[in-house]
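# Fold and contact review
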Amino acid sequence: MKNYEFWFVVGSQFLYGPEVLETVEARAREMAQELSLSLPFPLVYKVTAKTSDEITRVVKEANYREECAGIITWCHTFSPSKMWLTGLDLLQKPWCHLATQYNQAIPNEEIDMDFMNLNQAAHGDREHGFIGARLRKPRKIIAGFWTDASVRSRLGAWMRTAVGVAVSREMRVMRFGDNMRDVAVTEGDKIEAQKKLGWQVNTWAVGDLVKEMNAVTEAEIDALVKEYEASYDIATDNTAAIRYQAKEEIAIKRMMDHEGCKAFANTFQDLYGMEQLPGLASQHLMALGYGYGGEGDWKVSAMTAILKAMGEGGNGASGFMEDYTYHLIEGQEYSLGAHMLEVCPSLAADKPRIETHHLGIGMNEKDPARLVFEGKAGPAIVVSLIDMGGRLRLIVQDIECVKPILPMPNLPVARVMWRAMPDLTTGVECWITAGGAHHTVLSYDVSAEMMRDWARIMDIEFVHISKDTLPEKLEEELLVKDLIWKLR
Ligand code: MN
C-alpha cells in the first residue's frame, strides 16, 4: 500500500490580527502532531486559510497529490465560507469536517472578549458546515474534543474509509472466464462501476493462466510450500495437490501483479486446462490482501480487496463469504457461511489446516487442496454490492459471529457461523427485501459506519440492516430511495 497521509486545513481570517493567526497556526501544528501519534495515517498541517486563493491552492494540490488521501478541516476562529466555496467545489478527495476546539473547558476566570475571538469554533464550524450543506458536498462530520479517545477512533476509522476510496479509485479486477451461467446477482454494469467506483474490470483467458502456470518452476513451488507450512497445519498426504495449488497461486499472482490488478474472479465452469479449482491458492492470495470472488463475481472480489485495505494494517480481517445454510432451532438460530473452497484465513479463529477432498462441482480432475478452519467469534458485518439497473446499491448488515455450535466433522471447508441483526429470520427477510446477494464480504474490522461513509463519498445508495431495523420501515425506505435515485 502507498504511504498515504491526510492534510489538516484550518480556517481563520485576517480580522483578529497577526497574533491570533500565529496562535492558531501553532495550535494547529500541535494538534496535527499530537493526533498523528494515535491515528493510522499521518495528519499533516498544511495551512491556516485566510483567503479564497489559499484554499483553492491547497485543494488543487490535494487533488493532484497521490499520497494525500483526504483533507480534514476545522475553523479555530470564524472563517467566512464564501472564501471556501471555490476550493471546496473543486475538491475531489474525501473531506472530514472536525468540529472541535483547542481548549476542553471554558476557563471561568480567564474568559474575556480576546478569548472569545480566538476560540470561536462553535460558530466558525457552523459557518463552515453551511457551505458544505449548500454545496451538497459529501463530507464526514465528527464533533468532540480533539484528544478524546472516541474522536480519535472515529477520525482513524474515517481515514481508513478514505484509503478505501483511494484503493477503489485505482482498483483493477482480473476476470478469468465470465460469470457463472444464468446467475443474475453477480452481473452488473462495468461501465457504471468504473464511473462511480473507479474499477477497471477486464477479462483474461484461462488459457493464458495455464500457460503462466506451466512456466512456474519447481524451486518457486518449493518456496511457496514452505510459506504454507509455516502458516498452516498440513493435514493431508496429498502433497501433489498442495504443490498444484502453489503453482496456480504463483501464476495468478504473477498475472495480477503484471497488470496492476488487486482482485480477481474465476468460475468452476471454466477451468479449461487446469486440474483443480484454485482453493488454497485463492485463500492464500486473499491472506496477502488480494480480493477474490467466486463464480465470476467481480463486484464482491473488488469489495473484498477494498474492505481488506480499510482494515487493520491495510490488510484486515475481511473475506469473501457466502450464505449456505441455516440452523433454525428456536433460540439457536444461525447462518452457516462458507464457500466451496475459498474462505479467507484472516477470518480464522485458530491455525487453519490444509486438507484435500473431492469436489464434485465443476471441472476438477483432481481433489483440490484447501484451508479448513472455524471463523472467529465477535461482532462483524456482511456487505453486498448489487446493480439495481441505473445505479449501485450497497447493503450492509450487522451480524454477531459465534464459535460454530456444531463440530461438523464431515464438512470439508472453512466455516463461519453468525446471527444476523435484528434476529436471524427478520434479518433474512430484510436482506431479501433489499435484494442482497448470497455472496458477501464478511468483515470483523470494518464497521457499518465506515461503509456508510464510503458509499456517501462514492455517491451510491446505502442500506443498513441493524439491530434497530424494522421490516416495514425498510420497505418504505427502499421505496423512497428508489424514487430519489431515479430522479438523480
Ligand atoms: Mn458462490
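Notes on the structure follow. (Residues numbered from 1 in each chain as written. Predicted model: local features only at pLDDT ≥ 70, side-chain atom pairs only at ≥ 80, totals over all residues. Heavy atoms only, no water.)

### Here's the deal with the overall build of the protein
Within the protein, the secondary structure is distributed over 15 helices and 19 strands. Here the C-alpha radius of gyration of the protein, 25 Å, is about what a compact globule of 488 residues would show, namely 23 Å. Structurally, the protein occupies a C-alpha span of about 80 × 55 × 45 Å along its principal axes. Taking all 488 residues of the protein together, 56% fall into the buried category. Here the contacts in the protein between residues at least 6 apart in sequence split such that 79% fall between residues at least 24 apart. Working note: accessible area of the protein is about 21,100 Å², and carbon and sulfur atoms make up 52% of it. Across the protein, the centroid of the 52 positively charged side chains sits 4 Å from that of the 69 negatively charged ones. (Helix = DSSP H or I, 4+ residues; strand = E, 2+ residues; numbered from the N terminus. Rg over C-alpha atoms; globule rule 2.2 N^0.38 Å. Buried < 20%, exposed > 50% of the residue type's maximum accessible area, 1.4 Å probe, protein only. Contact = heavy atoms within 4.5 Å. Areas by Shrake-Rupley, 256 points an atom, 1.4 Å probe, with all protein chains shown as cover. Lys, Arg positive; Asp, Glu negative; His and termini not counted. Charge placed at Lys NZ, Arg CZ, Asp CG, Glu CD.)

### Observations regarding the sheet that holds strand β7 (residues 200–204)
Paired through backbone hydrogen bonds, the strands of a sheet run either parallel or antiparallel to each other. Strand order in the open sheet formed by four strands is β7-β6-β9-β10, with parallel pairing between adjacent strands. Pairing within the sheet leaves two strands with one partner each, and these edge strands are β7 and β10 (291–293). In this sheet, adjacent strand axes meet at a mean angle of 20° when their direction is disregarded. Relative to β10, strand β9 (residues 263–265) runs parallel, the two being bridged by three bridges. Its bridge partner lying in β10, A265 is registered against G293. In this fold helix α10 (residues 239–259) packs onto β6 (172–176), β7 and β9, with an angle of close to 140° to the strand it touches most, β6. (Pairing = 2+ DSSP bridges. Axes fitted to C-alpha atoms, helices over the stretch in contact; angles between N-to-C directions.)

### Things to note about the coordination of the manganese ion
In ideal tetrahedral geometry, four donors around a metal make angles of 109.5 degrees, whereas ideal octahedral geometry with six donors gives angles of 90 or 180 degrees. Taken together, the protein ligands of the manganese ion are E295 (OE), E322 (OE), H339 (NE2) and H439 (NE2), with distances of 1.9 to 2.2 Å. Here the donor residues of the manganese ion share one chain and are spaced in sequence as E-x26-E-x16-H-x99-H. Highlighted residues: E322 in strand β11 (residues 318–329) and H439 in strand β18 (residues 439–443), separated in sequence by 117 residues. (Donors = N, O, S within 2.8 Å, 3.2 Å for Na, K, Ca; no water.)

### Observations concerning unusual backbone geometry
Omega for the peptide link from M421 to P422 comes to 0°, which places this bond in the cis form. Of note, D182 is a non-glycine position whose phi angle comes to about 75°, a positive value. Position of D182 among the secondary structure elements: in the loop between β6 and α7 (190–197). With relative accessibility at 81%, the residue D182 sits in the exposed group. With a phi close to 60°, D459 is a non-glycine residue in the positive phi region. Position of D459 relative to the elements: it lies in the loop between α14 (448–458) and β19 (461–465).

### Things to note about a negative patch on the surface
Where like charges cluster on the molecular surface, the negative patch consists of E19, E22, E110, D112 and D114. Structurally, the position occupied by E110 is in the loop between β4 (95–99) and α4 (113–118). On the accessibility criterion, E110 (54% relative accessible area) is exposed. (Patch = residues over 30% accessible without salt bridge, like charges linked within 9 Å, V, L, I, M, F, W, Y side chains within 5 Å. Salt bridge = Lys/Arg side-chain N within 4 Å of Asp/Glu carboxyl O.)

### A few points about empty space enclosed by the protein
Counted according to the given criterion, the structure contains one cavity of 30 Å³ or more. Volume-wise, the largest cavity comes out at about 80 Å³. Taken together, V185, D297, K299, V300, M303, V383, S384, L385, I386, A437 and H439 make up the full set of residues lining the largest cavity. Broken down by secondary-structure element, the contributors of at least two residues to the lining of the largest cavity are α12 (298–310) and β15 (378–387). Sort the elements by how many residues they give to the lining of the largest cavity and β15 lands first, with four residues. Split into classes, the residues belonging to the lining of the largest cavity amount to seven nonpolar, two polar and two charged. (1 Å grid on protein atoms, 1.4 Å probe; cavity = no way out; pocket = protein on both sides within 12 Å on 5 of 7 lines; lining within 4 Å. Points joined across faces, edges and corners; volume = space filled by probe spheres on them. Nonpolar A, V, L, I, M, F, W, Y, C, P; charged D, E, K, R; others polar.)

### Considerations on the packing of α10 against helix α11 (residues 280–287)
Running from N to C, α10 and α11 cross one another at 50°; their axes reach a closest spacing of 8 Å. Here α10 is positioned oblique relative to α11, judged by the angle of their axes. The two elements α10 and α11 meet at a crossing, and its hand is right-handed. Across the interface between the two elements, I242, Q245, E248, E249, I252, K253 and M256 from α10 touch L280, A281, H284 and L285 from α11. (Parallel < 35°, antiparallel > 145°, perpendicular 65-115°, else oblique. Left-handed = near helix turned anticlockwise from the far one by under 90°.)

Scope: geometric values only; no functional claims are made or implied.
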